[in-house]
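# Coordinate inspection notes
One letter stands for each residue in the lines below.
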There are 2 protein chains.
Amino acid sequence: MKPINVGLIGIGTVGGGTWTVLKRNAEEITRRAGRPIRITAVADRNVELARQVTGGEARITDDAFALVKDPEIDIIVELIGGYGVAKDLVMQAIANGKHVVTANKALLAVHGTEIFTAAQQKGVMVAFEAAVAGGIPIIKALREGLTANRIEWAAGIINGTTNFILSEMRDKGLSFADVLAEAQRLGYAEADPTFDIEGVDAAHKATLIASIAYGIPVQFDKAYVEGITKLEASDIKYAEQLGYRIKLLGIAKRRDNGVELRVHPTLIPAKRLIANVEGAMNAVVVKGDAVGTTLYYGKGAGAEPTASAVIADLVDVTRLATADPEHRVPHLAFQPDAMSNLPILPMSEIETGNYLRLRVEDKAGVLADVTRILADQGISIDAMLQREPEEGEGETDIIILTHVCSESAALAAVAKVEALAAVKGQVKRIRLEELQ
Amino acid sequence: MKPINVGLIGIGTVGGGTWTVLKRNAEEITRRAGRPIRITAVADRNVELARQVTGGEARITDDAFALVKDPEIDIIVELIGGYGVAKDLVMQAIANGKHVVTANKALLAVHGTEIFTAAQQKGVMVAFEAAVAGGIPIIKALREGLTANRIEWAAGIINGTTNFILSEMRDKGLSFADVLAEAQRLGYAEADPTFDIEGVDAAHKATLIASIAYGIPVQFDKAYVEGITKLEASDIKYAEQLGYRIKLLGIAKRRDNGVELRVHPTLIPAKRLIANVEGAMNAVVVKGDAVGTTLYYGKGAGAEPTASAVIADLVDVTRLATADPEHRVPHLAFQPDAMSNLPILPMSEIETGNYLRLRVEDKAGVLADVTRILADQGISIDAMLQREPEEGEGETDIIILTHVCSESAALAAVAKVEALAAVKGQVKRIRLEELQ
């Protein structure tokens, strides 16, 4: 059996993991793929590191652009990340007729349409299981496992760093800042954690999920992105008392007139399986009209879990490399000529439940005013919690959970509540999903 | 686009669901598959029912054997179950060059090797996602999503009836017999529930999981099968007090010298996600050496969830129908010429933790004798619980959890403990898995 030759670009954490796993499990992987899968060349700026990892068993270069035109290479694995050089490399690899496997969610969420179109024209595959939820085969589940279904929604814990932080805040009652510092010390958060904690990474992944679920082009620029930096320990505690947990969810939801695509902290019922996904673990829940609710859980990051997804893609490409390009699995689950132009809805039109925390003067009539405002906006109340004020304290917290209403109604109500004299400061609002 | 023509054999619950979903979601499914997928003919003994369901939109026959040689049909969907007629139909469909989609776990667990070999020779696909865990794409996850991994073990709640019964026994503290009667009333258990409650159905599915995980031929006859009929409410309660839940698991585990393949009630830590899978839901946990622990959860039965898997297979077959047969996804994940002869281990060689419940005289020295026996067999104790005897009661229960030991050591220890004069009746033993 002639080996399939892989050119690996970037031999950092995931690249190193890919090398290690491919070598350790070579025998089994070959038995599954039908041909040996061999990394024959590696491009990395750190040539010395590449030499160390590969121990002289692969050609090493610091010129990735040479690799993508190397006639010996069948598949390029791109693991350097980012939009710049990575895009040029992927586009050139495609132009040279090479299949591409990538973990680069940012690249695909922004330039996916251009990349997939080019790949389609050249008859090559671009596989990206590793781009969403690490080792969990969620792309495959959505693109192939649930093809019978009209996907109603998908909601996922798809960023391990923020889930670790939220789990720790809840467990230990600590503030966001304290836990972030701890997470950085433990290596669960990067020195510059912006992409994670501001929700950008999750939004890249949610963009890809939405595309595959609904057959729409990738539209990262239309995603609503809100991170966890403003979450307070008290909100996590109040949510808990009401039977909810707060998770950073990436959500894609089908509505009659479009698709909701959003990332934000979300209250979810504590009894849902996904509410119990703790630490750096990832999970995605998908609701299909036929299958009902399904859940996929596993490690969303790390060298070997991500390598597991990269190599699964390599096996897929190897198994199907000789197939008629018109009869492979389409990149975005739907055939390229059957994509939908269902729009991403503006945030004002999305619908969720709401958690509202109000700081109020402890006097009669406040609650009546607040509930009147909500009723006037057509917002009905699902649950309420009023903290008993401490001895001599003149103010207290009121927590209100609302049923589903539109974002615009919620914002209008919040503005009016904040204008009440008895309400102090801003109302804290967190969206709520029942995930049923 | 020329439609792909499907012949449906059996239009009962799942067949009816397949018809309904394929029709309801025809537009989306076509956009995914690249061609319309059309059930053009249905074979069922109940011709009248078939007419009602299809409303005149498909040819109806009571002669399934005519269908499998119908030159217009590209794919046969077999949904009648059982080993007899179903086997003949599947084999004839293959001989006639038709792809086959089936939900028939019993057939494949027993005759899979013969069927897959014939399919391989004819260059057709036999797809069976619906045979294991209903709508959960677990076959695809194992066969394609986790191909990078050496699978260490897979353990699943893969029978909804028994999970419903166990959930109800725990929730309501009821006996097995009472809950079974309730489950039959509610339609969660069949009039003759033997296949479910004795673990046979789960063992069929576990057999298929083991084959795909390890590239070994299906060997249902070597599976150890133990159902839930002897479970008592008190054991569920004691397990709970020790932080465990009891689930009926189908387990495939790799050991150096072979594969463990077994179905039996199992204590698992209550904090594991899978321990919280309640009611008729299914879930499978897979541990790979690279990816770590992943979990797949959803509905394991029912018309539309199972139809979801049947149709996913139809889409797969449609997408890959023109591919070179040598370069499709292999039926059992490994290439047919690369199967392993790793044996299924005899039960005496398997290793698990143990839950032991002893009825003992309430007097000094009993515990010392018991722990001595365990130590002599090399079995170490992980936890112990002694029920306080009621006033005037001369006997009490001792519960012991052991660390992992061999089945033969556990059985030898139990025999010796039962021979103690102070130990009354039989020792109740339930196996325990940490699932880590």
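Residues numbered from 1 in each chain as written. Chains lettered and ligands numbered in written order. Predicted model: local features only at pLDDT ≥ 70, side-chain atom pairs only at ≥ 80, totals over all residues. Heavy atoms only, no water.

### Comments concerning the overall build of chain A
Selection criterion: Numbering of helices and strands runs from the N terminus, with a helix taken as a DSSP run of H or I at least four residues long and a strand as a DSSP run of E at least two residues long. We compute the radius of gyration over the C-alpha atoms and compare it with the globule rule, which gives 2.2 Å times the number of residues raised to the power 0.38. Burial here depends on accessible area, computed with a 1.4 Å probe over protein chains only, as a share of the maximum for the residue type. Under 20% is buried, over 50% is exposed, and the range in between is partly exposed. Contact criterion: two residues are considered in contact whenever any of their non-hydrogen atoms come within 4.5 Å of each other. Every accessible area reported is derived by Shrake-Rupley at a probe size of 1.4 Å, with residue values counting cover from the shown protein chains alone.
Looking only at helices and strands, one finds 15 helices and 16 strands in chain A. At 24 Å, chain A has a C-alpha radius of gyration in line with the 22 Å of a compact globule built from 436 residues. With the principal axes as the frame, chain A shows a C-alpha extent of 80 × 45 × 35 Å. Buried residues in chain A amount to 63% of all 436 residues. Within chain A, contacts between residues at least 6 apart in sequence are counted, and of these 73% link residues at least 24 apart. Put simply, chain A shows about 15800 Å² of open surface, and 50% of that area lies on carbon and sulfur atoms.

### Points about the sheet that holds strand β2 (residues 37–43) of chain B
Residues and elements named next belong to chain B. Just so we agree on the cut-off: Strands are labelled as partners when DSSP assigns at least two bridges between them.
Pairing is parallel across the open sheet formed by 6 strands, whose spatial order is β3-β2-β1-β4-β5-β6. Taken across any chain shown, the strands that pair with only one partner, and hence form the sheet edges, are β3 (59–61) and β6 (126–127). Pairing of strand β1 (residues 4–9) with strand β4 (residues 75–78), which is carried by 4 bridges, proceeds in the parallel orientation. Bridge assignment links Val-6 to a residue of β4, and that residue is Ile-75.

### Here's the deal with the interface of chain B and chain A
Heads up, the rule is: Buried area: the accessible surface (1.4 Å probe) lost by two parts on joining, summed over both. We count a salt bridge whenever a side-chain nitrogen from Lys or Arg sits within 4 Å of a carboxyl oxygen from Asp or Glu.
Each side of the interface is counted separately: chain B has 64 residues, and chain A has 64 residues. Of the roughly 5200 Å² buried where chain B meets chain A, counting both sides, 53% is carbon and sulfur surface. Sorting the residues of chain B by area buried against chain A places B:Arg31, B:Arg32 and B:Arg319 first, and these three jointly supply 15% of that buried surface. At the boundary of chain B with chain A, the tally comes to 6 salt bridges.

### Regarding unusual backbone geometry
A positive phi is found at A:Ala333, a non-glycine position, where the angle reads about 75°. The residue A:Ala333 is located in the loop between α13 (303–320) and β13 (351–361) in this model.

### Points about the pattern of salt bridges
Residues and elements named next belong to chain A. Within this structure, the stated rule accounts for 85 salt bridges over all chains. Note that Arg-24 is salt-bridged to Glu-304, the shortest N-O span being 2.9 Å. Note that Arg-24 is positioned in helix α1 (residues 13–24) and Glu-304 in helix α13, a separation of 280 residues in sequence. What makes Arg-24 partly exposed here is its relative accessible area of 41%. Close ionic contact of Arg-429 with Glu-407 constitutes a salt bridge, the shortest N to O distance being 2.7 Å.

### Observations concerning the sheet that holds strand β2 (residues 37–43) of chain A
Strand pairing in a sheet takes place through backbone hydrogen bonds and is either antiparallel or parallel in direction. Residues and elements named next belong to chain A. Spatially, 6 strands are ordered β3-β2-β1-β4-β5-β6 in an open sheet, and the strand pairing comes out parallel. Each edge of the sheet is formed by a strand with only one pairing partner; in this case those strands are β3 (59–61) and β6 (126–127). With 3 bridges connecting them, β2 and β3 associate as parallel partners. If you follow Ala-41 over to β3, its bridge partner there is Arg-59.

### Focus on the nonpolar core
The cut-off we apply is this: What is meant by a nonpolar core is a set of buried Ala, Val, Leu, Ile, Met, Phe, Trp, Tyr and Cys residues, joined one to another through side-chain atoms within 4.5 Å.
In this structure, A:Ile138, A:Ile165, B:Ile138 and B:Ile165 are the most contacted members of the largest nonpolar core, which totals 175 residues. Not counting the four nearest positions on each side in its chain, A:Ile165 is found in contact with A:Phe176, A:Val179, A:Leu180, A:Ala183, A:Ile197 and A:Ile228. In this structure, A:Ala290, B:Met125, B:Ala148 and B:Val310 belong to the second largest nonpolar core, which totals 66 residues.

### With respect to the relation of the copies chain B and chain A
Heads up, the condition is: We place the copies in one frame by least squares, fitting the C-alpha atoms of every residue whose pLDDT is at least 70 in both.
For the pair chain B and chain A, the best superposition has an RMSD of 0.0 Å and corresponds to a rotation of 180° with a translation of 0.0 Å parallel to the axis. The transformation relating the two chain copies, once decomposed into turn and shift, fits a two-fold axis. When the interface residues of chain B are mapped onto chain A, 100% of them again fall at the interface, so both copies present the same face.

### Concerning the UniProt feature "domain: ACT" (unreviewed entry) in chain A
Defined as follows: UniProt positions are given in the numbering used here, feature names are shortened, and annotations may be inferred rather than shown by experiment.
Mapped onto the present numbering, the UniProt feature "domain: ACT" (unreviewed entry) falls at residues 355–431 of chain A. A helix fraction of 30% and a strand fraction of 44% characterise residues 355–431 of chain A, whose end C-alpha atoms lie 6 Å from each other.

### Brief notes about the UniProt feature "binding site: NADP(+)" (unreviewed entry) in chain A
Residue and element names in this part refer to chain A. As annotated in UniProt, the feature "binding site: NADP(+)" (unreviewed entry) corresponds to Ile-9, Gly-10, Ile-11, Gly-12, Thr-13, Val-14, Gly-15 and Gly-16 in the numbering used here. Checked against the element boundaries, Val-14 lands in helix α1. The residues contacting Val-14, other than those within four sequence positions of it, are Leu-79, Gly-302, Ala-303, Thr-306, Ala-307 and Val-310. Mapped onto the secondary structure, Gly-16 falls in helix α1. In this structure, Gly-16 is in contact with Ile-11 and Val-53, ignoring residues within four places of it in sequence.

### Observations concerning a nonpolar patch on the surface
Defined as follows: Here, patches come from residues exposed beyond 30% relative accessible area and free of salt bridges, joined within 9 Å for like charges and within 5 Å for nonpolar side chains (Val, Leu, Ile, Met, Phe, Trp, Tyr).
Residues A:Tyr83, A:Val110 and A:Phe195 make up a contiguous nonpolar surface patch of about 250 Å² in total accessible area. What makes A:Tyr83 partly exposed here is its relative accessible area of 32%.

### Describing the domain arrangement of chain A
All names here are of chain A. Quick reminder of the rule: What counts as a domain boundary in this text is fixed by an automatic or database domain assignment.
Per the domain assignment, the segments of chain A are domain 1 (4–137 + 303–338), domain 2 (141–299) and domain 3 (350–432). Contacts between the two partners involve 21 residues from domain 2 and, on the opposite side, 17 residues from domain 3. Across the domain 2 to domain 3 interface the summed buried area is about 1500 Å²; carbon plus sulfur atoms make up 60%. Taken together, domain 2 and domain 3 are joined by 4 salt bridges.

### Some words on the environment of B:Ala323
Relative to the elements of secondary structure, B:Ala323 occurs in the loop between α13 (303–320) and β13 (351–361). Take B:Ala323: its relative accessible area is 2%, and that puts it in the buried class. Among residues more than four places away in sequence, those in contact with B:Ala323 are A:Ala323 and B:Arg328.

### Quick look at the environment of A:Asp88
Residue and element names in this part refer to chain A. With respect to the helices, strands and loops of the structure, Asp-88 is situated in helix α5 (residues 85–95). Its relative accessible area of 40% is what places Asp-88 among the partly exposed residues. Spatially, the C-alpha atoms of Asp-88 and Val-68 are 10.0 Å apart, while their sequence positions differ by 20 residues.

### Focus: the packing of helix α2 (residues 26–33) of chain A against α13(A)
Residues and elements named next belong to chain A. How we decide: Working convention: axes come from line fits to C-alpha atoms, limited for helices to the stretch in contact. Angles between N-to-C directions cover 0 to 180 degrees. Handedness of a crossing is defined here by the sense of rotation of the near helix relative to the far one, left-handed for an anticlockwise turn of less than a right angle and right-handed for a clockwise turn. Residue polarity follows a fixed list, in which Ala, Val, Leu, Ile, Met, Phe, Trp, Tyr, Cys and Pro are nonpolar, Asp, Glu, Lys and Arg are charged, and the others, Gly among them, are polar.
Where α2 contacts α13, the axes come no closer than 9 Å and their chain directions differ by 35°. As α2 packs across α13, the resulting crossing turns out to be right-handed. Only Ile-311, Val-315, Thr-318 and Arg-319 of α13 make contact with α2, whose side of the interface consists of Ile-29, Arg-32 and Ala-33. Residues belonging to the contact of α2 with α13 are distributed by class as follows: 4 nonpolar, 1 polar and 2 charged.

### With respect to the packing of aromatic side chains
The line we're drawing: Stacked, tilted and edge-to-face are the three classes applied to pairs of Phe, Tyr and Trp rings, where Trp contributes its six-membered ring and a pair requires centres within 6.5 Å; stacked means planes under 30 degrees apart, edge-to-face means over 60, and tilted covers the rest. Criterion for a charge above a ring: Arg CZ or Lys NZ at most 6 Å from the ring centre, at most 35 degrees from the ring normal.
If you walk through the whole model with that rule in mind, you get 5 aromatic pairs over all chains. Ring geometry for A:Tyr296 and B:Tyr296: centres 6.4 Å apart, planes at 75°, overall edge-to-face. With one member in each of two chains, A:Tyr296 in strand β12 (residues 292–299) and B:Tyr296 in strand β12 (residues 292–299) form a pair that bridges those chains. Given the relative accessible area of 1%, A:Tyr296 is considered buried. The side chain of A:Lys237 reaches across the aromatic face of A:Tyr238, ending 5.5 Å from its centre.

### Regarding α13(B)
What counts, and what does not: The span you would expect from a helix comes to 1.5 Å times its residue count less one.
Look at α13(B): 26 Å from first C-alpha to last across 18 residues, which is about the 26 Å you get at 1.5 Å a residue. Among the 18 residues that make up α13(B), 16 are buried, leaving the element largely enclosed by the rest of the structure.

### A few points about the pairing of strand β7 (residues 151–157) of chain A
Residue and element names in this part refer to chain A. Buried residues dominate β7, accounting for 6 of its 7 residues. Note that β7 and strand β9 (residues 244–255) share 4 bridges and pair antiparallel. Within β9, the position partnered with Ala-155 by the bridge is Ile-251.

### Considering the side chain of A:Asn163
Residues and elements named next belong to chain A. Here is the rule: For the purposes of these results, a polar contact is taken to be a pair of N or O atoms within 3.5 Å, where, inside protein, one atom must be able to donate a hydrogen and its partner to accept one; residues adjacent in sequence count only when each atom of the pair is a side-chain atom.
You can see Asn-163 is positioned in helix α8 (residues 160–172). A polar side-chain atom of Asn-163 sits 3.1 Å from a polar atom in the side chain of Lys-247. Setting aside residues up to four positions removed in sequence, Asn-163 forms contacts with Ile-157, Lys-247, Val-277, Glu-278, Gly-279 and Met-281.

### Quick word on the packing of α8(A) against helix α12 (residues 233–241) of chain A
Pairs of packed helices are described in terms of their axes, by the angle between the two and the distance that separates them. Residues and elements named next belong to chain A. Keep this limit in mind: An angle below 35 degrees is read as roughly parallel, one above 145 as roughly antiparallel, one from 65 to 115 as roughly perpendicular, and any other as oblique.
Closest axis-to-axis distance for the α8/α12 pair is 9 Å, and the angle between their directions is 75°. Between α8 and α12, the angle is such that the two are roughly perpendicular. Between α8 and α12, the residues in contact are Leu-166, Met-169 and Arg-170 and Ala-233, Ile-236 and Glu-240, respectively. Across the contact of α8 with α12, the residue classes tally to 4 nonpolar, no polar and 2 charged.

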